[in-house]
Each structure stands twice: as structure tokens, then as C-alpha cells.
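Topology and contacts: notes
Next come the chains, spelled out residue by residue.
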Amino acid sequence: YKPVRFFAWHINGCFSINRIVDYVNYLDDWDNGGQIVQHLGNTPISFSPSVVLGNDFTFTPLKDFNISFVTKFVSKQYMDNSGDDTYCLKPYSYSNLRLSYTFHFKCLKDWELFCYVNNIFNAKYESNAWIYTYSYEGVKGYDTGYFPQSGISCLGGVRSGMGYCGDRDRKS
């Protein structure tokens, strides 16, 4: 969507329901050895969020200079296929800032100078995890590990295509 020359708004989203029809869970039995079989039926697939949304506001205050503010939202995700709310990652959202300027040369491909400021609001979130469940003394137990994501980080660079001005005019 581009209501004016210097501003563009891009949005995207994914809405899904991802299920296992007849899920069977195997719980390690520390008391007797072997495994306890649990028929859990219709359960959500692990690490499959039901909602993912993206938003991108891009401003072009000067020719070839862009400022973009990009936000992403990911809904709750289960850490395993049991569908147990005890074992899930919380919904999260983060925003990035992107600055870029493109240089045009007569006999070279265009060059872009860019700078990204990722997670600009320093959101604290985990995008992945692991879980191990077991039964000990007749009680279900679990161990988990989480993978926290980076706080504010910056990345800058130069992007260029390869070739000379003769390549620019050639038709494929």
C-alpha cells in the first residue's frame, strides 16, 4: 500500500491450524524402565504458531534513501506435540530499523550502503526450546532449555551486483 510517493506500508500474515490427528506420546519411566504410552489424540504440532504477522513501514525522504521500520509477531508455540500449556513458548514480538542508500554508477552495478538495528526495543524472548519429559516415583517430570534471542544488535554493510555498464544494457 503506497498512499503517497515517500511512504509504503507492507503487511503480511499467516494463520494456520496444524494438528496431529492421533498423537501417541512416549514418556520415559524411570521407576520401571521402558516407556509409558499415552494416547493424546488430536494435538497441536510443536513449534507451529497459529499466527505470524509482519508489518513494514518504509519511508523514502530522499531519492535512493530508505528508512524502514519492520515488526514481527509470533503467537504461542508448543515445545512438544502434547498440547500441554505447561510446555510452550510465550508469544513474542520484535521490531527492526533498516536504513539504506543506493549509489548509482555509470559503468558499475548499483551499490547499496545499509545499516540494520535489530530488536530496536530490546525485546526479551525465546524463539526455540527443548523439553524432556519422564515419570519418576509415579509423578510426571520435565527438564527444559530455552534459546533466548539477541537484544539490540547492529549490522552494516555494502551490497553490490557484479558486472559492468555493458551488462546493464544487455537483454537476456
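Residues numbered from 1 in each chain as written. Predicted model: local features only at pLDDT ≥ 70, side-chain atom pairs only at ≥ 80, totals over all residues. Heavy atoms only, no water.

**A short note on the packing of aromatic side chains**
Formally: What counts as a ring pair is set by centres within 6.5 Å for rings of Phe, Tyr and Trp (its six-membered ring), and what kind of pair is set by the plane angle: stacked under 30 degrees, edge-to-face over 60, tilted for all other angles. Secondary structure elements are taken from DSSP: a helix is a run of H or I of four residues or more, a strand is a run of E of two residues or more, and numbering for both begins at the N terminus. Whether a charge sits over a ring depends on NZ of Lys or CZ of Arg being within 6 Å of the ring centre and within 35 degrees of the ring normal.
Tallied over the entire structure, the rule returns 15 aromatic pairs. Residues Tyr-92 and Tyr-94 carry aromatic rings whose centres are separated by 6.5 Å and whose planes lie at 15 degrees to one another, so their mutual orientation is stacked. Residues Tyr-92 and Tyr-125 carry aromatic rings whose centres are separated by 4.5 Å and whose planes lie at 15 degrees to one another, so their mutual orientation is stacked. Remark: Tyr-125 occurs in the loop between strand E9 (111-118) and strand E10 (126-136) and Tyr-92 occurs in strand E8 (residues 92-103); sequence separation between them is 33 residues. Feature note: the residues Tyr-1, Phe-7, Trp-9, Phe-57 and Phe-59 constitute an aromatic cluster, connected by ring pairs. Here the basic side chain of Arg-159 rests over the ring of Phe-114, its NZ or CZ set 4.6 Å away from the ring centre.

**Notes on the layout of surface pockets**
To be explicit about the condition: A pocket here means an open set of points on a 1 Å grid, computed over the protein atoms alone, that has protein on both sides within 12 Å along at least five of seven lines. A cavity is instead a set of points where a 1.4 Å probe fits but cannot get out; residues with an atom within 4 Å of a point line either one. Grid points are joined across faces, edges and corners, and a volume is the space filled by probe spheres set on the points. Residues are grouped as follows: Ala, Val, Leu, Ile, Met, Phe, Trp, Tyr, Cys and Pro are nonpolar; Asp, Glu, Lys and Arg are charged; all remaining types, including Gly, are polar.
For the largest pocket, the calculated volume is near 160 Å³. Contributing to the lining of the largest pocket are Ser-16, Ile-17, Asn-18, Arg-19, Pro-44, Ile-45, Ser-48, Pro-49, Ser-50, Ser-75, Lys-76 and Tyr-78. Tallied by class, the residues present in the lining of the largest pocket amount to five nonpolar, five polar and two charged.

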